[in-house]
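What the coordinates show
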Number of protein chains: 4
Amino acid sequence: MAGGWIEQFADAPDVLKTAPDQKTIVRAGGVEVGGGEFVTMAGPCSVETERQLMETAEHVAAAGARVLRGGAFKPRSSPYAFQGLGVEGLRLLAKAREATGLAVVTEVMTAADAPLVAEYADILQIGSRSMENFALLEAAALTQRPILLKRGMVATLADLLRSAQCIVSYGNPQVILCERGIRTFETATRNTFDVSALIVLKEICCLPVIADPSHAAGRRAFVPGLARTAVAAGADGLLVEVHPHPEQAWSDGEQSLTFAEFDDMMADLAPWCELRALRSRAVETVA
Amino acid sequence: MAGGWIEQFADAPDVLKTAPDQKTIVRAGGVEVGGGEFVTMAGPCSVETERQLMETAEHVAAAGARVLRGGAFKPRSSPYAFQGLGVEGLRLLAKAREATGLAVVTEVMTAADAPLVAEYADILQIGSRSMENFALLEAAALTQRPILLKRGMVATLADLLRSAQCIVSYGNPQVILCERGIRTFETATRNTFDVSALIVLKEICCLPVIADPSHAAGRRAFVPGLARTAVAAGADGLLVEVHPHPEQAWSDGEQSLTFAEFDDMMADLAPWCELRALRSRAVETVA
Amino acid sequence: MAGGWIEQFADAPDVLKTAPDQKTIVRAGGVEVGGGEFVTMAGPCSVETERQLMETAEHVAAAGARVLRGGAFKPRSSPYAFQGLGVEGLRLLAKAREATGLAVVTEVMTAADAPLVAEYADILQIGSRSMENFALLEAAALTQRPILLKRGMVATLADLLRSAQCIVSYGNPQVILCERGIRTFETATRNTFDVSALIVLKEICCLPVIADPSHAAGRRAFVPGLARTAVAAGADGLLVEVHPHPEQAWSDGEQSLTFAEFDDMMADLAPWCELRALRSRAVETVA
Amino acid sequence: MAGGWIEQFADAPDVLKTAPDQKTIVRAGGVEVGGGEFVTMAGPCSVETERQLMETAEHVAAAGARVLRGGAFKPRSSPYAFQGLGVEGLRLLAKAREATGLAVVTEVMTAADAPLVAEYADILQIGSRSMENFALLEAAALTQRPILLKRGMVATLADLLRSAQCIVSYGNPQVILCERGIRTFETATRNTFDVSALIVLKEICCLPVIADPSHAAGRRAFVPGLARTAVAAGADGLLVEVHPHPEQAWSDGEQSLTFAEFDDMMADLAPWCELRALRSRAVETVA
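What you are looking at is a predicted structure, and each value in this text was computed from that prediction instead of being measured.

Examining the overall build of chain A
The helix and strand inventory of chain A stands at ten helices and ten strands. Relative to its length of 287 residues, chain A is compact, with a C-alpha radius of gyration of 18 Å against a globular reference of 19 Å. With the C-alpha coordinates aligned to their principal axes, the bounding extent of chain A is approximately 55 × 40 × 40 Å. Counting only residues that meet the buried cut, chain A has 64% of its 287 residues in that class. Pairs at least 24 apart in sequence give 70% of the contacts found in chain A among residues at least 6 apart. For chain A, the exposed surface amounts to about 9,600 Å²; the carbon and sulfur share of it is 51%. Within chain A, one finds 26 positive and 35 negative side-chain charges whose respective centroids are separated by 1 Å.

Encoded structure:
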């Protein structure tokens, strides 16, 4: 990397690679992210009911997912809005973990909730809107749980790495980055999936990087295609929304895959993931 | 307003005007925002020392400011970063209020801090990065202090009004909106000051709207010009950074005005503010 | 201006100020742009009929406009699209000039048309879509007519000045710049009017700068407010769409003012323009 | 596709698919684009010398490219700027075609040049800056040569398809679309490569779609990675800059691949292209 360009990332010294093959492997609930395997994290946007969650967990586990996602705490934009099931949602996630062996990732919305969420979740998710909520980053870091840090809608890669650096500087190096689309003028997709972010981050940063094609696309028809490009870009995994009945989902139904669509996507991805694995091994041999 | 266009603001019914002359007047520490007077809020980015704050407060009060701004809690992006003076900063702000009669506005960063900040401040500021931190909005709203809500760097006006609606729906109608520039491709200014936002908001929303030219411009040379456009757009006031020695400021020195520059700006603004006042009265007579 | 910042404009040496009071006055058809007077250019988006144009010209002249705008050649996006009246449109513009004394500005779309348009128009307009059509810039420059150069929808100020530099380097220093809104994520207005552009350009560039609030706003209700902010920003004039019956306009009806609205705007602007004139004279005395 | 969403493309009826397997195959100089094969177009940004062009042509042909790219006419942003070799450049391109069997694509900058460029080139390229130069689109269309239409830096997909529709409506259905990155706030890459554009366009539009990773990335290190994502997205080919000595290139050296880097990229892409071919055939069998 030429001198001038890399300087935009100067605020994040502890997450920049010092050698080409340096990498952080994040370990959570028996799963390794960043270690070679392409890890799929799947589940509903929100935990709605026990039945919805258990069915989804069993289905995605059978299709090859390794981590269950699902929101227990939701952004509560009014006193009347659905705010998630809260602790009850966390308990259901833990129950689904027992039944399926999947690890659990769920969002923490406030600093005060961090210890509670850390009791139940294997990975704490920091949402896009919270990427620069530094008090939350501190509280999440201090739980010592691995952190899934989603890029803000309008955050540069330098901004994202600064937030990652913040978590690491609080003594928690187990951070996974997630590209989920940025806000642009384009209206054909909900956000613009910045696939270059995956390539740049894998080149310069030691942390694992995954992609969220669901929020990027905003429409389920485009999710499997974006997932394929994430594999080709060298991403370490996927965060994807799946729902038994997307048309009845309490949130984000338009972008959630049905079970059948998820199965098709996983089958479609398999040979691309194999190629990705071959390639990484070849690159490592060289490095 | 034609049917289709206004619908983008449908999530914020309680802050949309139902009559052209409807308006919310926000009252804080003896100052009225939105009531006709053009209110200048000025002070340093961060409270640094007693001397820095008292000098600034006395100077801006003498030059016509009505509210003192100053950060006591700062975004703490690492364990080593300056995090503001905290409670000590709040005490200094209160002391400056006593000495000058200025009202005090300061940012609250976390839900847990809201009651504490509300003990000292006349107006609680929600920063750009926190505009969609709904837990914080709730906690701030519940203190019943007036809220200064800054637009997120990449928030649409619909997003901004949704957050304002959130505060109002928690029982606190005393909300001031603040345009502070949005993120675009342009690099000549730190952000792109969206002056249309002031015009659109004054047309459709009953809340007072002020402008922060300091964060928009990012360079002090352009601050007075932007302030003039805010007056012309019909804004209810200004939030502006002033520092006794900008080149020594601990944060945002490049965009802070010196005392002399602040005096010049206030003198320059005076006739424009008079014109604005004449115009508002004329418009009200018609409406 | 600090060293680093100004360097982004290094490609445009011949249009940067070398002294604070340096300015280019553009003279066209008896009108001076950039010389102190705030110059309003008004008229329909497209020249449609003789009656439409003559009525509009007479009305805007009576209300204080100095230049008549109107498109004779339109972007022809299909073999079937309205392509403007062409030469007939140019003849009508010339006729309206004779009747009213207004100068005429109209867009030139292709290099081949430049000499023809220059026969009829006092000022050649380069549209936003053509700002980097360098062959067209060359052909327009060589006619030696003054050029109105509109900023591209996504052009930085550095890009705009590079195009201005191109025209000047072909031997034609008579260039007027025009801010007309940039493309962002915001949907409340058609484009985001970058009022800082006016302030920055007046500070660093010797060319006159005007504003097009019609294309920026996209909705007529917001045009007069934006026009006021342009005056406050120190702009040298205005380019605004006016139509006898906007609801029947062949193009851009939503953003065109009626005659009555134009009259109101001009009356509203008058005291602000006076203040602007007082201020410029004061600044000049100092400089 | 749901009713509402597809309506944003209503201005381009003749390029939208009416059946899932509908496709236009563009035939140029013995090459088929859109017919199944992944077609690589490679060469220097500008034609500089006979030696530079011939060496490059021979090298990229040997490595598997099917089309030679190279600019003969360049945007001429001043009277002194390098404007390309012009006709001499076209002759060199034709000579390289004879020597290698590669087809030739080169940019046409002005309507007046279209017939001349069409004498030499197999495919006429419309550059990003010209995407909405409708007079140029008309002139290029009328030559009846296949057209490579590059997306504007800030054009929505709806805008891009409207320009494609324009070409088709002038009687020329042989259009290839090209995604080359859009302008956003991100600074880590020159532009933001919109990989979703490839996926959306392949889903809704019958025209072939290729990717230009060189202009998107702006840095050669990221070009091969972006090329892989284009294959995974289902693109029909690639437009990529290659130069014998990028550090001496007269333009775009930072983003041009060396011969060795191009060879590595082609070898790296081969298995991904095979997978893409298998997948297309499987999809076609189903459709």
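Picking up where we left off.
Describing the interface of chain D and chain A
On the side of chain A, 43 residues touch chain D, which itself brings 43 residues to the contact. The contact between chain D and chain A buries some 3,700 Å² in all, and 68% of this surface belongs to carbon and sulfur atoms. Looking only at chain D, the three residues that lose the most surface to chain A are F185(D), F222(D) and W272(D), adding up to 18% of its buried area. Inspection of the region where chain D meets chain A yields four salt bridges. R151(A) is paired through a salt bridge with E186(D); the nearest N and O atoms lie 2.6 Å apart. Joining chain D to chain A, the criterion identifies twelve residue pairs in polar contact (both at pLDDT 80 or more). Those elements that place two or more of their residues in the side of chain D that touches chain A are helix 7 (195-204), helix 9 (223-232) and helix 10 (259-286) of chain D.

As for helix 7 (residues 195-204) of chain C
The buried fraction of helix 7 of chain C amounts to eight of the ten residues, a majority that puts the element mostly inside the structure. Turning to helix 7 of chain C, its buried residues number three or more, namely V195(C), S196(C), A197(C), L198(C), I199(C), V200(C), L201(C) and I204(C).

A closer look at the sheet that holds strand 8 (residues 175-179) of chain A
All names here are of chain A. If you walk around this closed barrel you meet the eight strands as 3-4-5-6-7-8-9-10, and the pairing is parallel. The sheet shows a mean angle of 25° between the axes of neighbouring strands, direction not considered. Summarising the sheet, strand 3 (residues 39-43) and strand 4 (residues 67-69) pair through two bridges and their orientation is parallel. Opposite A42, over in strand 4, you have L68 as the bridge partner.

Points about the interface of chain D and chain C
The partner chain C presents 21 residues to the 21 residues of chain D that form the contact. Interface area for chain D against chain C, summed over the two sides, is near 2,000 Å², with a carbon-plus-sulfur share of 54%. Linking chain D to chain C there are four salt bridges. Here E132(D) and R129(C) are joined by a salt bridge, their closest N and O atoms 2.2 Å apart. Counting the contacts that link chain D with chain C gives six residue pairs in polar contact (both at pLDDT 80 or more). When residues of the side of chain D that touches chain C are traced back to their parent elements, those giving at least two are helix 5 (134-142) and helix 6 (157-169) of chain D.

Let's talk about the pattern of salt bridges
The final tally for this structure, using the stated rule, is 87 salt bridges over all chains. A salt bridge links E55(C) to R51(C), with the shortest nitrogen-to-oxygen separation between them at 3.0 Å. Within this pair, E55(C) and its partner R51(C) are both found in helix 2 (residues 50-62), separated by four residues, close to a single helical turn. The class of R51(C) is exposed, set by a relative accessible area of 64%. Shared partners join several salt bridges into a network, and the residues in it are D11(A), E132(A), D159(A), R162(A), R129(B) and R183(B).

Here's the deal with the relation of the copies chain D and chain C
Under the fitted operation, chain D is carried onto chain C by 0.1 Å of movement along the axis and a turn of 180°, and the coordinates agree to an RMSD of 0.0 Å. What we have between these two chains is a two-fold relation. Judged by C-alpha distance, V154(D) is the residue of chain D that lies nearest the rotation axis, at 3.2 Å. When the interface residues of chain D are mapped onto chain C, 100% of them again lie at the interface, so the same face is used by both copies.

Structural notes on the sheet that holds strand 5 (residues 103-107) of chain D
Residue and element names in this part refer to chain D. Taken in spatial order, the eight strands of this closed barrel run 3-4-5-6-7-8-9-10, and their pairing is parallel. Each adjacent strand pair in this sheet contributes to an overall mean axis angle of 25°, direction not counted. Here three bridges tie strand 5 to strand 6 (residues 123-126), and the two strands are oriented parallel to one another. Its bridge partner being in strand 6, T106 is matched across the sheet by L124. Strands in contact with helix 3 (residues 87-100) are strand 4 (67-69) and strand 5; relative to strand 5, the strand with the most contacts, it is inclined by about 160°.

Re the packing of aromatic side chains
Taken as a whole and judged by the stated rule, the model has 14 aromatic pairs over all chains. With a centroid separation of 5.1 Å and 80° between ring planes, the pair formed by F82(A) and W250(A) is classed as edge-to-face. Remark: W250(A) occurs in the loop between strand 10 (237-241) and helix 10 (259-286) and F82(A) occurs in the loop between strand 4 and helix 3 (87-100); sequence separation between them is 168 residues. According to the relative accessible area criterion, W250(A) is partly exposed, its value standing at 48%. Ring geometry for W272(A) versus W272(D): centroids 6.0 Å apart, planes at 35°, classification tilted. Residue W272(A) is found in helix 10, and its partner W272(D) is found in helix 10; the two belong to separate chains. Considered together, W272(A) and W272(D) belong to a single accessibility category, that of buried residues. In textbook terms, an aromatic cluster arises when at least three aromatic residues are bridged by ring pairs, as seen for W5(A), F9(A) and F222(D).

Notes on the relation of the copies chain D and chain A
The two copies are related by a screw motion: chain D maps onto chain A through a turn of 180° and a shift of 0.0 Å along the axis, at an RMSD of 0.0 Å. Of the interface residues in chain D, 100% have counterparts in chain A that sit at the interface too, so the contact is made through matching surfaces.

Section: unusual backbone geometry
Its identity as a non-glycine residue notwithstanding, D252(A) has a phi of 60°, on the positive side. Positionally, D252(A) belongs in the loop between strand 10 and helix 10.

Let's talk about the pairing of strand 5 (residues 103-107) of chain B
All names here are of chain B. Counting buried residues along strand 5, five of its five residues qualify, which places the element largely inside the surrounding structure. What you see with strand 5 is no split at all: A103, V105 and E107 on one side and V104 and T106 on the other are buried throughout. Strand direction decides the pairing type here: strand 4 (residues 67-69) and strand 5, joined by three bridges, are parallel. Within strand 5, the position partnered with V67 by the bridge is A103. Once the chain exits strand 4 it traverses helix 3 (residues 87-100) before rejoining the sheet at strand 5, and the crossover so formed is right-handed.

Considering the confidence of the model for chain A
For chain A, the average pLDDT comes to 94, and 97% of its residues sit at 70 or higher. What the predictor reports for the complex is a pTM of 0.92 with an ipTM of 0.94.

Observations regarding the environment of E119(D)
Residue and element names in this part refer to chain D. Within the secondary structure layout, E119 lies in helix 4 (residues 114-120). What makes E119 exposed here is its relative accessible area of 59%. Residues E119 and R145, spaced 26 residues apart in sequence, show a C-alpha to C-alpha distance of 9.3 Å.

Focus: the packing of helix 9 (residues 223-232) of chain A against helix 7 of chain D
How two helices sit against one another is set out by the angle between their axes and by the gap between those axes. Relative orientation of the contacting elements helix 9 of chain A and helix 7 of chain D amounts to 140°, with a least axis distance of 10 Å. Viewed along their axes, helix 9 of chain A and helix 7 of chain D adopt a mutual orientation that is oblique. Pair helix 9 of chain A / helix 7 of chain D crosses with right-handed handedness. Across the interface between the two elements, G225(A), L226(A) and T229(A) of helix 9 of chain A pack against V195(D), S196(D) and I199(D) of helix 7 of chain D. Classifying every residue of the contact of helix 9 of chain A with helix 7 of chain D by side-chain character gives three nonpolar, three polar and no charged.

What counts, and where the lines are drawn
- Residues numbered from 1 in each chain as written.
- Chains lettered and ligands numbered in written order.
- Predicted model: local features only at pLDDT ≥ 70, side-chain atom pairs only at ≥ 80, totals over all residues.
- Heavy atoms only, no water.
- Helix = DSSP H or I, 4+ residues; strand = E, 2+ residues; numbered from the N terminus.
- Rg over C-alpha atoms; globule rule 2.2 N^0.38 Å.
- Buried < 20%, exposed > 50% of the residue type's maximum accessible area, 1.4 Å probe, protein only.
- Contact = heavy atoms within 4.5 Å.
- Areas by Shrake-Rupley, 256 points an atom, 1.4 Å probe, with all protein chains shown as cover.
- Lys, Arg positive; Asp, Glu negative; His and termini not counted.
- Charge placed at Lys NZ, Arg CZ, Asp CG, Glu CD.
- Buried area = accessible area lost by both parts, 1.4 Å probe.
- Salt bridge = Lys/Arg side-chain N within 4 Å of Asp/Glu carboxyl O.
- Polar contact = N/O pair within 3.5 Å; in protein donor to acceptor, adjacent residues only side chain to side chain.
- Pairing = 2+ DSSP bridges.
- Axes fitted to C-alpha atoms, helices over the stretch in contact; angles between N-to-C directions.
- Least-squares fit on C-alpha atoms with pLDDT ≥ 70 in both.
- Phe/Tyr/Trp six-rings, centres within 6.5 Å; stacked < 30°, edge-to-face > 60°.
- Right-handed = clockwise from strand over helix to strand, strands pointing away.
- pLDDT = per-residue confidence, 0-100.
- Parallel < 35°, antiparallel > 145°, perpendicular 65-115°, else oblique.
- Left-handed = near helix turned anticlockwise from the far one by under 90°.
- Nonpolar A, V, L, I, M, F, W, Y, C, P; charged D, E, K, R; others polar.

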